[in-house]
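Given next are the chains, with one letter for each unit.
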2 protein chains.
Amino acid sequence: MKDEELRAWAYLSAVAEPPCAPLIALVDDVGAVAAAAAIKQRAVPSAHRRVLVPTEARAAVDRSAQDLETCERIGARLVTRDDADWPAWQLLALDRADTAARGGAPLALWVRGPRTCAEIADSSLALIGSRAASSYGDYVAGQMAGQLADHGWSVISGGAYGIDGAAHRGALAAGGCTAAVLACGIDRDYPTGHAQLLREIAQEGLVVTEYAPGTAAAKHRFLTRNRLVAALASGVIVVEAGRRSGAANTAAWAKRIGRPLGAVPGPVTSATSVGTNAIIAEGDATLVVDGAAAIALASPDGHDARPESRRRPTDGLRDEQKQVLEALPARGGLTVDEIAFVSGISVDEVLRSLASLELAGFVDGSGGTWQLVRG
Amino acid sequence: MKDEELRAWAYLSAVAEPPCAPLIALVDDVGAVAAAAAIKQRAVPSAHRRVLVPTEARAAVDRSAQDLETCERIGARLVTRDDADWPAWQLLALDRADTAARGGAPLALWVRGPRTCAEIADSSLALIGSRAASSYGDYVAGQMAGQLADHGWSVISGGAYGIDGAAHRGALAAGGCTAAVLACGIDRDYPTGHAQLLREIAQEGLVVTEYAPGTAAAKHRFLTRNRLVAALASGVIVVEAGRRSGAANTAAWAKRIGRPLGAVPGPVTSATSVGTNAIIAEGDATLVVDGAAAIALASPDGHDARPESRRRPTDGLRDEQKQVLEALPARGGLTVDEIAFVSGISVDEVLRSLASLELAGFVDGSGGTWQLVRG
């Protein structure tokens, strides 16, 4: 991409608070360079007048050169809708979403790390939840992330304290791929306490944001960011969430754009599981207990990695056969008449059952009475 | 009821292992006295030949006199299909159930306690679960039983160790009504360690069984008993259950005879919640978190006793208003232009939002810049 073009994209990425559908429409129509010039000059084609209001406050400020310098210094790059690496398929759902509700695709993504957006978005699950997680939530998030990594799935989250951090760490520890989607500039470490974790993610996975360098985290940006977390993932799992939680917002996005939504249940006595238990109870989320269940939920072919439930040796027996077994004492034996009386089954049926049970090795009649075979 | 008739019912109650649909058909047809005589003489009307095999083993044994004596001694009574107290409506579902799978209504019920079967079955929930319950399960069962008692609902269970016992105790402690349905004779204390608990239930609520006095508990009788627990209750709640558990059998009965089925979620790390989490995940049970949710599930009118979720003061604001609030720092103030830049919102819209936010008491512009109002 030519320098002038990249500068234009960087300028456009900062000029409106994303998502901004009118801005994308203009760029699609006239290209990034012409779009940037038109916005700076406050002179856009009449069909695109809607772009003027959302770009009004920042149009005169062009920090694109220093933003791209910052980017280069920290090893980040700007990925645009023109790039081969653009996760167009995953973001399609956002193009269709209601823009009035902060939907809409991003104009561009600032990314940092060895993975590509397309790579991250293929076979990935978002693990999200409370910042104030319990040790139960932290443990489950870490375990589940490790299981996903073991199956070759990426773990997407928001880089926050609590569940997000536990999920990223679990994936990294298992040698898997993880992506953190930020609600601030790619050059910011938010939260500060996760600076080291974000560095590790940038070394092994990918840090992603639609906010230009220097942008501070803000509450509405978390809400906007959440739609990206849901869109980039094949499915969203809420690991732990209280009654009101940012995770509920991401979960709502998952429903709106058609991503399978799962939740991990927790004790009804735990405040940090009130939200997850509630979305399961209301039928909004499917209960998932581990990584395999999460993969099954998010797999289009319904692939299920769960082991079959174990069967007992007596599972194939008829009811009468089971009742005959029940009638026999742990020690010593009974006659056929005694078995018939205790079990309430006719003598004929007792004899029939004993014959088949002896063949199957459950009972032994060689000692004059019938007794159970041990082990 | 005449003595001869009661004797006949007592004999019939013991002569076949319940449930025995052919026996009920014969009694309905010729009455209890004639039915008992016919079975003893092994000479039944040809239309009822199917009753001969299941009564063969015990036909010659008539312990009815001593069974009724035992009954009188311990303050129990025999309730039959002819009694006004018979819970016919609740048991209707069993009449329709597949008799090959141990379905079918009971012929008679031996009961002990100040309550009636009809009373117990009206507005009642079965709380069931593992004998090897965790302290979490015990706690939740006790709490939920108390909440049900507070709402005037009966608590039905199986009198076993673990969840059953915690449920009975919770109901008794709250001064509520509880019933234990046994898998043995009314004169037996099973399990032995619950002798005192069963005595208390017999004093305040009702102990119920379809097994004649002297009948020992046996595995197939627990399975048969479970259908009665499900049938007598308006809904069934599994509080805690492992991968394989008797509770799963009661839950299956609830589904088969059309009783609402709920389950309490638990930690995915807990072996005693594997079963409850699984039936929720598979869509067989609704997740319930407390007594109010259980009542809502079992109430035909969907009555819901849950409090509304709390709202925040900012819940009614438009997105732009929230973004303006977000842009303001915790301390100090900003100019309108600064707010526009930080939030990415046009100056016009910032002014509009500030005006309404000031009216609502969220912001103060009297100091030259705009700042947040505390509290």
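About the cut-offs
Residues numbered from 1 in each chain as written. Chains lettered and ligands numbered in written order. Predicted model: local features only at pLDDT ≥ 70, side-chain atom pairs only at ≥ 80, totals over all residues. Buried ≥ 20, exposed ≤ 12 C-beta atoms within 10 Å, placed from the backbone. Helix = DSSP H or I, 4+ residues; strand = E, 2+ residues; numbered from the N terminus. Contact = placed C-beta atoms within 7 Å. Least-squares fit on C-alpha atoms with pLDDT ≥ 70 in both. Core = buried A, V, L, I, M, F, W, Y, C linked by C-beta atoms within 7 Å. Domains from an automatic or database assignment. Pairing = 2+ DSSP bridges.

Let's shift gears to helix α15 (residues 319-327) of chain B. Restricting attention to buried positions, one finds in α15 of chain B the residues Q321, Q323, V324, L325 and A327 of chain B. Packing partners of the buried residues in α15 of chain B comprise α11 (219-232) of chain A together with α16 (336-343) and α17 (347-359) of chain B.

This part is about the relation of the copies chain A and chain B. For the pair chain A and chain B, the relating rotation is 180°, the translation along its axis is 0.1 Å, and the fit reaches an RMSD of 0.2 Å. Here the two chains are linked by the operation of a two-fold rotation axis. Relative to the rotation axis, the C-alpha of G266 of chain A is the closest in chain A, positioned 2.4 Å from it. A high fraction, 100%, of the interface residues of chain A reappear at the interface in chain B, so the copies pair face to face through one surface.

So, about the nonpolar core. If you look at the biggest cluster of nonpolar residues, it comprises 218 residues, and the most contacted ones within it are L12, L127 and I237 of chain A together with L12, L127, I237 and V238 of chain B. Each residue touching L12 of chain B, except ones within four places of it in the same chain, is listed here: L23, V27, A32, A35, A36 and L107 of chain B.

This brings us to unusual backbone geometry. In the segment running from Y190 of chain A into P191 of chain A, the intervening peptide bond is cis, with an omega of -5°. Tracing the sequence through the fold places P191 of chain A in the loop between β5 (178-181) and α10 (195-204). Cis geometry marks the peptide bond from P18 of chain B to P19 of chain B; its omega dihedral reads -5°. With respect to the helices and strands, P19 of chain B occurs in the loop between α1 (3-15) and α2 (21-30). Of note in this structure, S123 of chain A is not a glycine but carries a positive phi near 50°. Note that S123 of chain A resides in the loop between α7 (117-121) and β3 (124-129).

Quick look at the domain arrangement of chain A now. All names here are of chain A. Looking at chain A, the domain boundaries give domain 1 (1-62), domain 2 (64-298) and domain 3 (313-372). Computed over C-alpha atoms only, the centres of domain 1 and domain 2 are separated by 28 Å. For the side of domain 1 that touches domain 2, the elements supplying multiple residues, two or more each, are α1 (3-15) and α2 (21-30). With 8 residues, the top contributor of residues to the side of domain 1 that touches domain 2 is α1.

This part covers the sheet that holds strand β3 (residues 124-129) of chain B. Across a sheet, paired strands are connected by hydrogen bonds in the backbone, their directions being either parallel or antiparallel. Residues and elements named next belong to chain B. Pairing in this open sheet of 9 strands is mixed, and the strands run β1-β2-β6-β5-β4-β3-β7-β8-β9 from one edge to the other. Each having just a single partner strand, β1 (76-80) and β9 (286-287) make up the two edges of the open sheet. Looking at chain direction, β3 and strand β7 (residues 235-240) are connected through 5 bridges and run parallel. Of the residues in β7, the one forming a bridge with I128 is V238.

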